[in-house]
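Residues per chain are reported as follows:
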Amino acid sequence: MHNWPSIDVLVKQVKTAKVTAKDLVDKAFEFIEKNRHYNVLISELKDEAYKRAAEIDDRIKKGEDVGRLAGVPFIAKDNFLTLDGFTTAGSNMLRNFKAPYQSTAVTKLLSEGAILVGKANLDAFAHGASTENSDFMVTKNPFDESRVAGGSSGGSAAAVALDMAPFALGSDTGGSIRTPASFCNVVGLKPSYGLISRSGVVAMASSLDVIGPLTKSVDDAALVLDVMSGPDGLDSTMIEKDAEGYRNIDSLKSLDGIRIGVVKDFMNEGLDEKVKSRIQDVIASLKRFGAEIVDVSIPSIELSLPVYYIVCPAEVSSNLSRYDGIRYGHHNDKAVDLEDFYLKSRSEGFGAEAKRRIMIGTYVLSSGYYDAYYKKAQQVRTKLINEFNRSFESVDFLVGPVTPGLPFKIGEKSDDPLQMYLSDVMTVAANLTGIPAISLPVGMVNDLPVGFQIMAPFKSDRKLLELSKYIESNMK
Amino acid sequence: MANTLSRDEILKLAKLSKLILSEKEIDEMQKELSSIIEFVSKLSDADVGDLEVSDQVTGLKTVLRDDKSINYGYNLDGLMSNVPKREGDYIKVPKMLSES
């Protein structure tokens, strides 16, 4: 599954007319069509992609500079608003939604010459860890069709693993980029909170949501991050990008002097033994490369999942209150009055998981319970942030697994929402604290991929990429 | 295991959430929400003293932009194209009160 060279190589080939943008779109659709039975894409944008490829090839013939992603096909998770095609968020609520404007991230990629070829499947409104909550279909794991691809950006991860495009976009509220990246053997980057504009991305939980790339390599992730990052004036929660940007990340020559903390709390009995031994092998390699390895305990990390499943549904219930069927989204034709219209439109448009989260969020925010749940969760969140900050005073990075186990069977957890929530146990802390984190592919166990998670201090995305690049280059 | 949430609480939450639930959904919600609420109740033992709440992580405060009009590129036709019922440039909504 490595049918694409690096994005830098592709762009060079397009710019020197060794290949055309049309050739690349041909190749993308070759793999899209061959792999349709994996249920990866909600929509294929074939006509639009060929039209754009022709424009790009034309501009290259005229000698114009088409940009840093000239002719490179990509796939966006279907919660990114795009002017081409529909934007469904994987939900019946937005089944026929035609976006009237476009997400900044997609616009920035297009303005550098990238070509959108399709929109990827996800758990409806990004609620889930397996895409089994998609209102349309379940994405199958590229390594074992009886297993899930992970979620919620499962379509995006599977798309990259199946060579449908060199890169895809995902969103990560509690692990939704890292988990599917780990399950599908690709690189998944969750940048620092606020680094990429979320304007035009369907909101899930606004204090946690970030968007990021899923790619074949760390260099590709860095390039896509470099293009997408930086304030756009449309998202008021943004931070500045690194002064050096995110290119040329191969500066590390060894890991001498780098202190790496192993999150002890993730390496306990809840972790699959075989995954654990793979992760320990990687840690042993880091030591061999010169890093100083220390065990780190973050006492409140065991509370990060309960905190998440209060804060996240609270924000979800607020964000989903906008779906009333009046201006857009599913609506009921037979309602007798406005109240009835709201009730019927929402009850028909939302699936089981969205309803569950709206109800939990409403519960924890209701007077009488607010202090015990929501306020308490936000205080424990402060405690967690303080503990992470303290850890990063003595180590440069924190590492561990991405998920407690290998990709699970389709149906294995879908009947028990709490079991599904437990899959997020190792990923939510990075969202609650806002720090950058990555899932790096580190080989197979029982023919299924394992991801290695690295977390870095807030705004240290560049350092995170440099370490990841080093590991990728040296761990063959 | 006894359910933490009563059937009446589920119905009240559904009403506040502007959702109608079928009998089957009510039963499932009662069971599922009870186990989820029980799970998140682990927090009740956490010692937080008088720690401030964190509702954001960037530390940014009141981000303002210049008081100038900006063309965001939205167009009326695009915005109106998803409206289920319209009359000209107006959005039609069902009546506020039913006649009964």
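Before reading on, note that the structure itself is shown above.
Asks: For this particular structure, what's the right way to read the pattern of salt bridges?
Replies: Where side chains of opposite charge bring their charged atoms close, a pairing between them can arise. Tallied over the entire structure, the rule returns 31 salt bridges over all chains. Between A:Asp8 and A:Arg247 there is a salt bridge whose closest N-O contact spans 2.6 Å. A residue pair is termed long-range when its members are at least 10 positions apart, and A:Asp8 in helix α1 (residues 7–15) and A:Arg247 in the loop between α7 (218–228) and β9 (259–263) qualify at 239 residues. Across the salt bridge formed by B:Arg86 and B:Asp89, the nearest N and O atoms sit 3.5 Å from each other. Residue B:Arg86 is classed as partly exposed on the basis of its relative accessible area of 36%. Linked through salt bridges whose partners overlap, the residues forming this network are A:Glu33, A:Arg36, A:Glu44 and A:Lys46.

Asks: Looking at this model, I keep getting lost on the pairing of strand β8 (residues 210–215) of chain A. Mind explaining?
Replies: Side chains on a regular strand alternate between the two faces of the sheet. Residues and elements named next belong to chain A. Counting buried residues along β8, 6 of its 6 residues qualify, which places the element largely inside the surrounding structure. Where strand β6 (residues 167–172) meets β8, 6 bridges bridge the pair, whose relative direction is antiparallel. Across the sheet, residue Leu169 finds its bridge partner in β8, namely Pro213. Sheet topology note: the strand β7 (residues 187–190)/β8 ladder contains 2 bridges and is antiparallel. Its bridge partner lying in β8, Gly188 is registered against Leu214.

Asks: Even after reading the chapter, I still don't get the environment of A:Ile326, so can you show me in this structure?
Replies: Note on placement: A:Ile326 falls in the loop between α9 (304–319) and α10 (338–349). Through-space distance from the C-alpha of A:Ile326 to that of A:Leu338 is 9.6 Å; in sequence the pair is 12 residues apart. Setting aside anything within four residues of it in sequence, one finds A:Ile326 in contact with A:Leu338, A:Phe341, A:Tyr342, B:Val83, B:Pro84, B:Ile91 and B:Val93.

Asks: What should I look at first to understand the layout of surface pockets in this one?
Replies: Over the atoms a probe the size of a water molecule is rolled, and this reveals where empty space is left. Looking at the largest pocket, its volume works out to about 680 Å³. Every residue lining the largest pocket is counted, 32 residues in all, and those nearest its centre are A:Leu81, A:Tyr101, A:Gly200, A:Val201 and A:Arg322. Elements with a contribution of two residues or more to the lining of the largest pocket: β8 of chain A together with α3 (76–80) of chain B. Of the residues assigned to the lining of the largest pocket, the class counts are 20 nonpolar, 7 polar and 5 charged.

Asks: For this particular structure, what's the right way to read α9(A)?
Replies: Structural remark: α-helix, 3.6 residues per turn; residues separated by three or four positions point the same way. Here α9(A) is 16 residues long and its end C-alpha atoms lie 22 Å apart, about the 22 Å a rise of 1.5 Å per residue gives. The buried fraction of α9(A) amounts to 15 of the 16 residues, a majority that puts the element mostly inside the structure.

Asks: It is not clear to me how the packing of helix α1 (residues 7–16) of chain B against helix α2 (residues 23–40) of chain B should be interpreted in this structure. Could you clarify?
Replies: For any two helices packed against each other, one specifies the crossing angle of their axes together with the interaxial distance. Residue and element names in this part refer to chain B. Contact geometry for α1 and α2: axes closest at 10 Å, N-to-C directions at 105 degrees. On the basis of the axis angle, α1 is roughly perpendicular to α2. Counted together, Arg7, Ile10, Leu11 and Leu13 of α1 and Glu23, Ile26, Asp27, Met29, Gln30 and Leu33 of α2 form the full contact between these two elements. Residues belonging to the contact of α1 with α2 are distributed by class as follows: 6 nonpolar, 1 polar and 3 charged.

Asks: Would you mind going over α1(B) with me for this structure?
Replies: Those residues of α1(B) not exposed but buried are B:Ile10, B:Leu13 and B:Ala14. Summarising the axial view, the buried residues of α1(B) lie within an arc of 100 degrees, below the 170-degree limit, and thus occupy one face. Exposed residues pointing more than 90 degrees away from the buried face of α1(B) are listed as B:Asp8, B:Lys12, B:Lys15 and B:Leu16. Buried residues along α1(B) sit against α11 (352–365) of chain A together with α2 of chain B. Directly beyond the C-terminal end of α1(B), a positive phi value near 55 degrees is found at B:Lys18.

Definitions and limits used
- Residues numbered from 1 in each chain as written.
- Chains lettered and ligands numbered in written order.
- Predicted model: local features only at pLDDT ≥ 70, side-chain atom pairs only at ≥ 80, totals over all residues.
- Heavy atoms only, no water.
- Salt bridge = Lys/Arg side-chain N within 4 Å of Asp/Glu carboxyl O.
- Helix = DSSP H or I, 4+ residues; strand = E, 2+ residues; numbered from the N terminus.
- Buried < 20%, exposed > 50% of the residue type's maximum accessible area, 1.4 Å probe, protein only.
- Pairing = 2+ DSSP bridges.
- Contact = heavy atoms within 4.5 Å.
- 1 Å grid on protein atoms, 1.4 Å probe; cavity = no way out; pocket = protein on both sides within 12 Å on 5 of 7 lines; lining within 4 Å.
- Points joined across faces, edges and corners; volume = space filled by probe spheres on them.
- Nonpolar A, V, L, I, M, F, W, Y, C, P; charged D, E, K, R; others polar.
- Expected span 1.5 Å × (residues − 1).
- Axes fitted to C-alpha atoms, helices over the stretch in contact; angles between N-to-C directions.
- Parallel < 35°, antiparallel > 145°, perpendicular 65-115°, else oblique.
- Arc of directions from axis to C-beta.

By themselves, these figures tell us nothing about what the structure is for.
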